[in-house]
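Here's the letter readout for the chains.
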Amino acid sequence: MRRLVRETRLSPAQFILPLFICPGKGVRREISAMPGHAQMSVDEAIRECAEAQSLGIGGVILFGLPETKDEAASGAYADDGIVQRALRAIKHETPQLLVMTDVCNCEYTSHGHCGKIVEGEVDGYVDNDETLKWLAATAVSHARAGADIVAPSDMMDGRVGAIRRALDTAGFTNTPILSYAAKFASVFYGPFREAAESTPQFGDRRSYQMDPANGREAMREIELDLEEGADMIMVKPAMPYLDLIWQARQRFDVPLGAYQVSGEFSMIMAAARNGWIDCERAMMESLTSIRRAGADFVLTYFAKPAARLFG
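The rules we used
- All residue numbers refer to position in the chain's written sequence, counted from 1.
- This being a predicted model, a pLDDT of at least 70 is required before a residue's local features are given, and a value of 80 or more before pairs of side-chain atoms are given or counted; all residues contribute to the totals for chains, interfaces and linings.
- Remark: hydrogens and water are excluded; side-chain values derive from all non-hydrogen atoms of the structure.
- Numbering goes from the N terminus for both helices and strands, where a helix is a DSSP run of H or I of at least four residues and a strand is a run of E of at least two.
- Whether two residues are in contact is decided by their heavy atoms: any pair within 4.5 Å suffices.
- Stacked, edge-to-face and tilted are the three classes for Phe, Tyr and Trp ring pairs, Trp counted by its six-membered ring, which pair at centre distances within 6.5 Å; planes under 30 degrees apart are stacked, over 60 edge-to-face, the rest tilted.
- Burial here depends on accessible area, computed with a 1.4 Å probe over protein chains only, as a share of the maximum for the residue type. Under 20% is buried, over 50% is exposed, and the range in between is partly exposed.
- A helix is expected to span 1.5 Å multiplied by its residue count minus one.
- In protein, a polar contact requires one atom able to donate a hydrogen and another able to accept it; more generally it is a pair of N or O atoms within 3.5 Å, and residues adjacent in sequence count only if both atoms are side-chain atoms.
- Lines fitted to C-alpha atoms define the axes here, with helix axes fitted over just the stretch in contact, and angles between the N-to-C directions of these axes take values from 0 to 180 degrees.
- In this count, Pro and Cys sit with the nonpolar residues alongside Ala, Val, Leu, Ile, Met, Phe, Trp and Tyr, while Asp, Glu, Lys and Arg are called charged and the others, Gly among them, polar.
- Under the counting rule used here, the positive set is Lys and Arg, the negative set is Asp and Glu, and His together with the chain ends is not counted.
- For salt bridges, the criterion is a side-chain nitrogen of Lys or Arg within 4 Å of an Asp or Glu carboxyl oxygen.

(A) Up close: the environment of Phe297. With respect to the helices and strands, Phe297 occurs in strand S12 (residues 297-300). For the pair Phe297 and Ser11, spaced 286 residues apart in sequence, the C-alpha separation works out to 9.4 Å. Discounting chain neighbours no more than four positions away, the residues touching Phe297 are Gln14, Ile16, Met100, Leu178, Met232, Pro255, Leu256, Gly257 and Ala258.

(B) Just the packing of aromatic side chains, in detail. Across all of its chains, the model carries 9 aromatic pairs by this definition. Between Phe20 and Tyr301, the ring centres sit 6.4 Å apart and the planes meet at 5°, which makes this aromatic pair stacked. Taken together, the residues Phe20 in strand S1 (residues 15-21) and Tyr301 in the loop between S12 and helix H11 (303-308) connect sequence positions 281 residues apart. Neither Phe20 nor Tyr301 differs from the other in exposure class; each is buried. Relative to Tyr301, the ring of Phe265 has its centre 5.9 Å away and its plane inclined at 55°; by these criteria the two rings are tilted. Note that Phe265 is positioned in helix H9 (residues 262-273) and Tyr301 in the loop between S12 and H11, a separation of 36 residues in sequence.

(C) Looking closely at helix H4 (residues 128-145). Over its 18 residues, H4 extends 26 Å from the first C-alpha to the last, a length consistent with the 26 Å expected when each residue adds 1.5 Å. If you check which residues of H4 are buried, you get Thr131, Leu132, Trp134, Leu135, Ala136, Thr138, Ala139, Val140, Ser141, His142, Ala143 and Ala145. At the N-terminal end of H4, a side-chain oxygen is found 3.3 Å from the backbone nitrogen of Asp129, two or three residues along, and the residue is Asp127. Two residues or fewer after H4 comes Gly146, characterised by a positive phi angle close to 120°.

(D) Inspection of the packing of helix H8 (residues 242-251) against helix H10 (residues 279-293) at higher detail. Relative to each other, H8 and H10 sit at 35°, their axes nearing to 8 Å. Here Leu242, Ile245, Trp246 and Arg249 of H8 come into contact with H10, specifically with Ser289, Ile290, Arg292 and Ala293. The residue inventory of the contact of H8 with H10, partitioned by class, reads 5 nonpolar, 1 polar and 2 charged.

(E) Representation of the side chain of Glu264 in the model. Along the chain, Glu264 falls in helix H9. For the buried Glu264, which has no salt bridge, the nearest side chain bearing the opposite charge is Lys236, at an N-O separation of 9.0 Å. Engagement of the side chain of Glu264 in a polar contact is seen with the backbone nitrogen of Ala238, the distance being 3.1 Å. Only 2.9 Å separates the side chain of Glu264 from the backbone nitrogen of Val261, close enough to count as a polar contact. Not counting residues up to four positions away in its chain, the partners in contact with Glu264 are Phe188, Pro237, Ala238, Met239, Pro240 and Tyr259.

This is how it looks when you write it as structure tokens:
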């Protein structure tokens with residue numbers, strides 16, 4: 001009877017699995033802070049994608065770890081970059097699997113920031129407008145390699161408009177943009193930075209990621225991204241910002257995603273390993289809360305274990 005009248009339902013099709021792609025062959029390096037996840041080479045990622053498809057998972061999102069990094073984030077938009085190579089291989093082997101790509105620079109810059117650094121006060125600052133050129137070039141290179149959706153996560157002002165214009169000019173008018181529209185300067189990203197090797201070498205990202213205290217600003221950021229051409233929006237992190245997922249759902253009638261980030265995942269896993277909570281129940285309760293708040297889909301490191309429960 002409880003199942004019959006349940007108001008919020010989960011499905012593997014609502015989950016997006018993040019993958020970390022690294023150079024090499026036969027590589028699967030476990031991420032210590034994220035049990036069950038690894039940095040993997042393209043051949044290993046293909047197998048991971050095949051499993052995700054067999055489980056009915058809605059799709060994957062790719063993050064790249066380049067062979068080398070530089071101040072211009074050139075690996076992000078190179079035609080033979082790590083994500084571009086992975087895209088071609090994955091789409092060849094699993095053409096029906098939805099593949100998103102993270103469009104950012106932090107994994108590719110030698111300094112770990114999301115944009116071009118201009119030398120100046122103290123450690124310098126990020127040049128917003130110059131960074132837009134990198135982001136646009138990256139999005140086009142991803143679309144050319146086969147990305148179904150591009151997802152800018154940098155939080156530079158105007159990046160959605162710049163990416164939309166670049167995609168349209170390059171002939172990718174039907175490639176949608178999923179904007180990390182409300183991405184906060186959160187402590188919950190810690191394990192991800194180990195996974196993506198993207199820790200800033202100086203300072204932090206609070207000058208371009210959002211203040212966790214600002215909910216009204218988040219709605220303005222979302223509205224601006226939609227005006228610039230975003231097709232879908234996302235709130236990141238998820239559970240500490242359920243109120244903003246709810247507000248976005250009430251205000252904007254577009255597909256809405258939420259990112260259950262690495263810190264959210266790792267906290268549950270750590271508590272479960274210590275015997276403090278039931279992992280399976282905590283996993284499903286957390287995912288249900290995000291869906292109940294209004295998210296249409298969830299980027300989550302629980303995608304595979306949660307999907308198996310529906311098998």
